[in-house]
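Fold and contact review
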Amino acid sequence: MGKRSTQPIIYADNTQTLTECIDLGFQYKGLALNYQSERFVFTAVARNFTWDLQSHWQLVHLYFNCHVLQCPENVTKRTLVRDANFNYFSLYQQPIVAPNYTCVPEIGVFILYMDPVGFRNASLNCFHTTIDSCVSLAHVASEKRTKFLKRNQYFEQSNDKTERVHLAYVDLHYNRTRSPNKMEFFNSMGESLDRIPYRAWEPGSPKASLQLINASCVALTARSTWLTVDCQRKLPYICEIFTSSRNN
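Per an unreviewed UniProt entry, the chain is named C-type lectin domain-containing protein, and its organism is Glossina pallidipes.

Written out as structure tokens, the structure is:
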């Protein structure tokens with residue numbers, strides 16, 4: 001029995017193969033797909049029909065056999081419906097089992113861990129979250145990522161049941177042994193922040209105090225800024241689960 005996800009669609013088209021549909025998923029920054037191998041769709045309808053009409057969105061499966069979805073299903077699969085013509089595919093290697101993950105549409109899936117640890121342990125804990133997926137501390141080197149993570153990771157929640165987060169480790173750090181001549185920050189993939197134009201430093205950061213002169217790490221603040229802190233400081237941290245790739 002086929003199934004189709006009712007997660008919001010960010011792009012739809014008709015493709016000849018599942019591989020072409022997957023390529024569209026990565027191109028349009030989707031995180032999952034619906035795909036119909038037997039094209040029982042009204043292919044004569046123009047690809048640029050009026051997307052903003054809700055009635056057309058509800059019938060998109062009648063017009064296109066490849067749907068790029070903004071978020072994947074979780075283990076409950078509550079937004080799957082029976083559809084004999086379609087199959088659902090996640091661009092993640094395994095179902096996401098973490099109960100408290102957040103999907104940021106068109107960006108990725110993130111998990112906030114509240115138990116405070118130092119930066120090194122935060123990095124290791126993310127890496128060991130699952131053996132079946134690529135996970136690291138969250139990448140933040142874009143305006144969209146920084147602002148959406150702040151908005152979605154409990155920074156703005158302050159009720160009695162949820163502890164408010166003021167700082168959380170993300171994937172940027174500096175080590176003097178790697179950059180002896182300047183304060184250059186890298187992520188866990190070895191990519192230098194110098195190659196990325198976006199900056200969101202907290203006023204006064206990056207700091208070069210005696211305490212941080214040899215190494216410093218970056219935490220995301222409730223103001224959508226990056227704060228340099230002592231890497232031994234114990235803080236909550238945000239992990240990011242990456243989509244799979246045919247090249248991995």
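**Observations concerning the pattern of salt bridges**
Scanning the model with the defined rule gives four salt bridges in all. Lysine 147 is the partner of glutamate 143 in a salt bridge, and the nearest nitrogen-oxygen pair spans 2.8 Å. Here the residue glutamate 143 and the residue lysine 147 both occupy positions in helix α4 (residues 143-152), the gap between them amounting to four residues, near one helical turn. Assessed through its relative accessible area of 38%, lysine 147 is described here as partly exposed. We note a salt bridge from arginine 145 to glutamate 240, for which the minimum N-O separation is 2.8 Å. With arginine 145 in helix α4 and glutamate 240 in strand β13 (residues 235-241), this pair connects stretches of sequence that are 95 residues apart. Taken individually, arginine 145 and glutamate 240 each receive the classification buried, so the pair is uniform in this respect.

**Details of the nonpolar core**
Judged by nonpolar contacts, the single largest core of 26 residues is most densely connected at Tyr101, Val109, Leu137, Tyr169, Tyr237 and Ile241. Mapped by element, the contributors of at least two residues to this core are β7 (101-104), β8 (108-117), α3 (119-127), β9 (135-137), β10 (167-175), β11 (215-221), β12 (226-229) and β13. Broken down by element, this core gets its largest block of residues, four residues, from β13. Not counting residues up to four positions away in its chain, the partners in contact with leucine 137 are Phe119, Ala122, Ser123, Cys126, Tyr169, Val170, Asp171, Tyr237, Ile238, Cys239 and Glu240.

**Remarks on the state of the cysteines**
The full count for this structure, using the stated rule, is four disulfides. Shown here is the disulfide that connects cysteine 126 with cysteine 239, its sulfur atoms set 1.9 Å apart. In this structure the cystine formed by cysteine 126 and cysteine 239 twists about its S-S bond by roughly -85°; its chirality is therefore left-handed. Placement of cysteine 126 in helix α3 and of cysteine 239 in strand β13 is noted, with a sequence separation of 113 residues between them. Using a relative accessible area of 0% as the deciding quantity, one classes cysteine 239 as buried. The disulfide partner of cysteine 217 is cysteine 231, and the S-S distance across this bridge is 2.0 Å. Disulfide cysteine 217 to cysteine 231: torsion about the S-S bond roughly 100°, handedness right-handed. Taken together, the positions of cysteine 217 in strand β11 and cysteine 231 in the loop between β12 and β13 put the pair 14 residues apart, joining distant regions of the chain.

**Considering the sheet that holds strand β2 (residues 9-13)**
One key point about sheets: their strands pair by backbone hydrogen bonds, in either a parallel or an antiparallel sense. In space, the four strands of this open sheet follow the order β2-β4-β3-β6, with antiparallel pairing throughout. On the outer flanks of this sheet lie β2 and β6 (87-90), each paired with one strand and no other. Going from strand to strand, the sheet's axes swing by 20° on average, the running direction of each strand aside. Here strand β3 (residues 32-35) runs beside β6; their pairing, made up of four bridges, is antiparallel. When the bridges of β6 are listed, alanine 32 appears paired with serine 90.

**Digging into the environment of alanine 141**
Assignment of secondary structure puts alanine 141 in the loop between β9 and α4. We classify alanine 141 as partly exposed; its relative accessible area is 22%. On a C-alpha basis, the gap between alanine 141 and arginine 199 in space is 7.2 Å, while along the polypeptide they are 58 residues apart. Beyond its immediate sequence surroundings of up to four residues, alanine 141 is in contact with Leu193, Ile196, Tyr198 and Trp226.

**A look at α3**
Taken residue by residue, α3 has Phe119, Ala122 and Cys126 as its buried positions. Viewed end-on, α3 has its buried residues packed into an arc of 60°, placing them on one side of the element. The outward face of α3, more than 90 degrees from its buried face, is lined by the exposed residues Arg120 and Phe127. The inward-facing, buried residues of α3 abut β8, β9, β10, β11 and β13.

Calculation notes
Residues numbered from 1 in each chain as written. Predicted model: local features only at pLDDT ≥ 70, side-chain atom pairs only at ≥ 80, totals over all residues. Heavy atoms only, no water. Salt bridge = Lys/Arg side-chain N within 4 Å of Asp/Glu carboxyl O. Helix = DSSP H or I, 4+ residues; strand = E, 2+ residues; numbered from the N terminus. Buried < 20%, exposed > 50% of the residue type's maximum accessible area, 1.4 Å probe, protein only. Core = buried A, V, L, I, M, F, W, Y, C linked by side-chain atoms within 4.5 Å. Contact = heavy atoms within 4.5 Å. Disulfide = S-S within 2.5 Å. Pairing = 2+ DSSP bridges. Axes fitted to C-alpha atoms, helices over the stretch in contact; angles between N-to-C directions. Arc of directions from axis to C-beta.

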